[in-house]
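# Report on the structure
The lines below spell out each chain.
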Amino acid sequence: MITNLLVANRGEIARRVFRTCRSLGIATTAVHSDPDADAPHTREADLAVRLPGAAPADTYLRGDLVIAAALAAGADAVHPGYGFLSEDAGFAQAVLDAGLTWIGPPPAAIAAMGSKTAAKRLMAAAGVPVLAAVTDPVEADLPLLVKAAAGGGGRGMRVVHRLADLADELAAARAEAAKNFGSDEVFCERYLPTGRHVEVQLLADAHGTVWAVGDRDCSLQRRHQKVIEEAPAPGLAPELRGRLHAAAIAAAQAIGYVGAGTAEFLLAEDGRFHFLEMNTRLQVEHPVTEAVTGLDLVALQLAVAEGEALAAAPSEPAGCAIEARLYAEDPAHDWRPATGTVHRLELRSPHTEFTGRGLRLDAGTGNGDEVTVHYDAMLAKVIAWAPTRPAAARKLADALARARIHGPVTNRELLVRSLRHPAFLAGHLHTGFLAEHAAALTAPDERSTALAALAAALADAAGRRGALPSGWRNLPSQPQVKRYRADDGAEFEVRYRLTRDGLRAEDHPGTALVSSTPERVVLRTGPVRHTFEVARHGDRVHVDTAAGATVLTALERFPDPAAHTDPGALLAPMPGTVVRTAATVGDTVTAGQPLLWLEAMKMEHRVTAPADGVLAELRAAPGQQVELGSLLAVVQPTP
């Protein structure tokens, strides 16, 4: 029996495993890097062991340090979570060699699926449909997807639409794969832009029983990383669902699988499906399967690791569950990640038990925690269950819209709009969904933002007033003026007067002020009453309503001319590491042309030329660490 479990991971998944351990009476041990010394997973564990350093390569990816931590804490089992060392066969074997229980499949099964190319050969031999690799691409094979053989999480992947770009994309994918996975092996296969990403949750014991615990659709992705997932996968005919489950079970049986895992498939429009890979671990999106089945997959992982036998079949799924991943990133600006303090992160709706049916929040960060460049940008997962798919989508969208999320910019609005989009509700899902509907999902709502800016200005005035409203005059006077910038870059100037006859807002005729405090403003526009909750953190102002939220940056009324930046200057949009450059000083460049790549939060981000011109300065070099706002390059625009 397991008595003390170490989770070789951090953030949301560590907290998730600890939650089950507490319910089972198992003591918990955390490991943490220096930036995570006071992280939620560190605070919640019974014991915590420091891994000196900040970078994953020095901490969470050091299997020897993790095993030493387990032994020092008296742990008798190790759960790898997902990411980091979770699919490292060598680490799994080292855990077993240390006399500890490994919460995962046998090392041989992990190794069998460790290379996508080798895994495809194994699956083809087992009769599982696979998508053939393209070894000598021609025009007819386009578009192509370049993939890292040992990779995952969207890293080492490139879509190629022109053969002329293939060599450069192969080189970039190899470099990224080598850095992230220790292998630069890549391969090409045909890219199906309207294919669906459908996967089957597997659970197998050591006594020969293999469960297909239902399926999920994970087609809504950005940069080949999942954003919204749901169970069951919608619109599958019973015969097709049966064939998918049978193929997944055959895949597990072919490698002697034990434990929890996921078989991933690409489903074409014509109903044919192809094996993509097997994730030999628990998936990020496992909560949707738990919600529709009522199973605790982590508890089942532990039971299997202790040698227990599964029942003949799992419980039948009921209803629909949808999960949205909340990221600290800006979808309107090429998914640029964001850092900073999370001042507030909470749902406004009641929670249920984590395997129950209602709303569930699995968060890796809490109030006051820092989002840093060292780790993935995911803040939390929000999961909703309902008897029907439309009801689950409605419940999740409403929960996200009402949530209080104060801190770095997030993808919250994109999630809400995706869940309410007619194509999503109709089940028209494919991996290019977010790109296809990008305009509708990221377009600014200027009317709502302008009204939120007025509420922010009135809340600010309420905080500075005495007996009379700030700006009140007995005689006609100039209007009060406040300036704000929305996260999409649009600026709003609020001009208003507070007179004996009430509010006079220049851009909002007919809008009346009902009441105002520094934290709450009530306005009436025509017959409609609007309530705004306002919170300010530094120069960032969060304006929340039942329908959604607006984040503004308060601007100085008279900007400092010295703060003006040359229009050709390229500043680092985030702290990170320069991965590579693609131009040299003196080169003629065009607007949008990539000049260099920054790596932050486990992803690469392009920095492009702002205009046509000549690259006059390049102050970045591969391997260089840069801070937010650092000058990277200067483009002298063409006259």
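Here the structure is a predicted model, which is why all the values come from computation and not from measurement.

Definitions and limits used
Residues numbered from 1 in each chain as written. Predicted model: local features only at pLDDT ≥ 70, side-chain atom pairs only at ≥ 80, totals over all residues. Heavy atoms only, no water. Helix = DSSP H or I, 4+ residues; strand = E, 2+ residues; numbered from the N terminus. Polar contact = N/O pair within 3.5 Å; in protein donor to acceptor, adjacent residues only side chain to side chain. Contact = heavy atoms within 4.5 Å. Salt bridge = Lys/Arg side-chain N within 4 Å of Asp/Glu carboxyl O. Buried < 20%, exposed > 50% of the residue type's maximum accessible area, 1.4 Å probe, protein only. Pairing = 2+ DSSP bridges.

### Some remarks on the side chain of serine 86
Secondary-structure assignment places serine 86 in the loop between β4 (77-79) and α4 (89-97). Side-chain polar atoms of serine 86 contact the backbone oxygen of glycine 83, separated by 2.9 Å. Apart from the residues lying within four places of it in its own chain, the contact partners of serine 86 are Pro80, Gly81, Trp102, Thr280 and Arg281.

### Some details on the pattern of salt bridges
Scanning all chains against the criterion turns up 49 salt bridges. Among the ionic pairs, lysine 120 bridges to glutamate 189, the shortest N-O distance being 2.4 Å. Taken together, the residues lysine 120 in helix α6 (residues 116-125) and glutamate 189 in strand β8 (residues 186-190) connect sequence positions 69 residues apart. An identical accessibility class is assigned to lysine 120 and glutamate 189; each is buried. Between arginine 272 and aspartate 270 there is a salt bridge whose closest N-O contact spans 2.8 Å. Linked by salt bridges that have partners in common, Glu199, Arg216, Lys226, Glu229, Glu264, Glu285 and Arg325 make up one network.

### Observations regarding the pairing of strand β36 (residues 613-618)
As judged from the 2 bridges shared by strand β33 (residues 588-589) and β36, these two strands associate in the antiparallel manner. Among the inter-strand pairings, threonine 588 is bridged to a residue of β36, identified as valine 614.

### Comments concerning unusual backbone geometry
Following leucine 142, the chain continues to proline 143 via a peptide bond in cis, the omega torsion being -5°. Mapped onto the elements, proline 143 comes out in the loop between α6 and β6 (144-148). In this structure, the amide linkage connecting alanine 231 to the following residue, proline 232, adopts the cis form with an omega of -5°. Even without being a glycine, phenylalanine 84 presents a positive backbone phi close to 50°. Looking at the secondary structure, you find phenylalanine 84 in the loop between β4 and α4.

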